[in-house]
Amino acid sequence: MAKKWYVIHAYSGYENRVKLTLEQRIKQYGQQDMFDEVVVPTEQVVEMVKGKRRTSQRKFFPGYVLVNMEMNEETWHLVKGTPKVTGFVGGGDRVAATRSISETEANSLLARIAEGEMRPQPKVLFEVGESVRVLEGPFANFTGTVDEINPEKGKVRVLVSIFGRPTPIEIEFGQIEKIS
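Our subject in this report is the structure included herewith. Owing to the predicted nature of the structure, the values given are computational and were not obtained by experimental measurement.

Reading the values: rules and limits
- Residues numbered from 1 in each chain as written.
- Predicted model: local features only at pLDDT ≥ 70, side-chain atom pairs only at ≥ 80, totals over all residues.
- Heavy atoms only, no water.
- Buried < 20%, exposed > 50% of the residue type's maximum accessible area, 1.4 Å probe, protein only.
- Helix = DSSP H or I, 4+ residues; strand = E, 2+ residues; numbered from the N terminus.
- Arc of directions from axis to C-beta.
- Contact = heavy atoms within 4.5 Å.
- Polar contact = N/O pair within 3.5 Å; in protein donor to acceptor, adjacent residues only side chain to side chain.
- Expected span 1.5 Å × (residues − 1).
- Pairing = 2+ DSSP bridges.
- Axes fitted to C-alpha atoms, helices over the stretch in contact; angles between N-to-C directions.

## Brief notes about helix α2 (residues 73–80)
Of the positions making up α2, those classed as buried are Thr75, Trp76, Leu78 and Val79. Along the long axis of α2, the arc covered by the buried residues comes to 160°, so they all point the same way. In this fold, the buried residues of α2 make contact with β1 (4–10), α1 (15–28), β2 (35–39), β5 (64–69) and β6 (85–88). Here α2 starts with a cap whose side-chain oxygen sits 2.9 Å from the backbone nitrogen of glutamate 74, and that cap is asparagine 72.

## What about α1?
Owing to its 3.6 residues per turn, the α-helix aligns residues three or four sequence positions apart on the same side. An ideal rise of 1.5 Å per residue puts 20 Å on 14 residues; α1 measures up with 20 Å between its terminal C-alpha atoms. Following α1 by one or two positions, glycine 30 has its phi on the positive side, about 65°.

## Some remarks on the side chain of threonine 98
Relative to the helices and strands, threonine 98 is located in the loop between β6 and α3 (103–118). Polar side-chain contacts of threonine 98 include one of 3.0 Å to the side chain of tryptophan 76.

## As for the side chain of threonine 42
Structurally, threonine 42 can be placed in strand β3 (residues 42–49). Beyond its immediate sequence surroundings of up to four residues, threonine 42 is in contact with Gln57, Arg58, Lys59, Phe60 and Ile113.

## A look at the sheet that holds strand β12 (residues 176–178)
With antiparallel pairing, the five strands of this open sheet are ordered in space as β11-β10-β9-β8-β12. The open sheet terminates on both sides in strands that have one partner only, identified here as β11 (165–172) and β12. Across the sheet, the mean angle from the axis of one strand to that of its neighbour is 45°, orientation sign disregarded. Here strand β8 (residues 131–134) runs beside strand β9 (residues 143–150); their pairing, made up of three bridges, is antiparallel. Among the inter-strand pairings, serine 131 is bridged to a residue of β9, identified as threonine 145.

## With respect to the pairing of strand β10 (residues 155–162)
Relative to β10, β9 is paired through six bridges, and the arrangement is antiparallel. By the bridge assignment for β10, valine 146 is matched with valine 158. By the bridge criterion, eight bridges tie β10 to β11 in an arrangement that is antiparallel. Its bridge partner lying in β11, isoleucine 162 is registered against arginine 165. The hairpin formed by β10 and β11 contains two residues between the paired strands, and phenylalanine 163 there has a positive phi angle of roughly 55°.

Below, the structure is given as structure tokens:
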């Protein structure tokens with residue numbers, strides 16, 4: 001039987017603990033050949049804290065852990081018996097009722113995790129018309145208005161006033177902050 005991806009529901013805030021405990025239980029019960037990976041879906045986010053850029057991890061599915069495993073009575077009970085695990089998503093209270101996610105869904109989630117590590121996302125999103133202050137570059141300390149947002153590139157077009165005329169500049173999310 002081939003290994004498939006399953007989503008397990010864990011207590012929110014305990015996802016990393018569940019991952020660690022499950023990995024320990026897999027070793028303890030000698031089930032390493034039945035499991036491939038245990039993954040907490042996270043992405044890196046960039047935020048400005050006191051004028052400094054800070055990168056941190058954010059769970060994009062809080063309360064859920066992905067596990068690539070071969071499903072049978074023994075592995076099902078091993079996962080289900082892990083502290084802080086409430087059960088399998090889409091599964092009942094028996095092995096036959098437990099459903100895996102499709103290979104396409106699993107690959108898209110894993111790609112999102114990998115992309116989040118490569119290209120951090122901004123923690124604060126901006127809205128068109130919002131007032132912002134430029135933090136870095138030649139326009140540092142200028143204030144302006146968000147004109148256009150490009151989340152794929154992580155850039156924003158801001159209209160700043162230069163010699164009394166609104167001038168558009170393209171700048172990264174991490175180089176501006178909202179004015180409260």
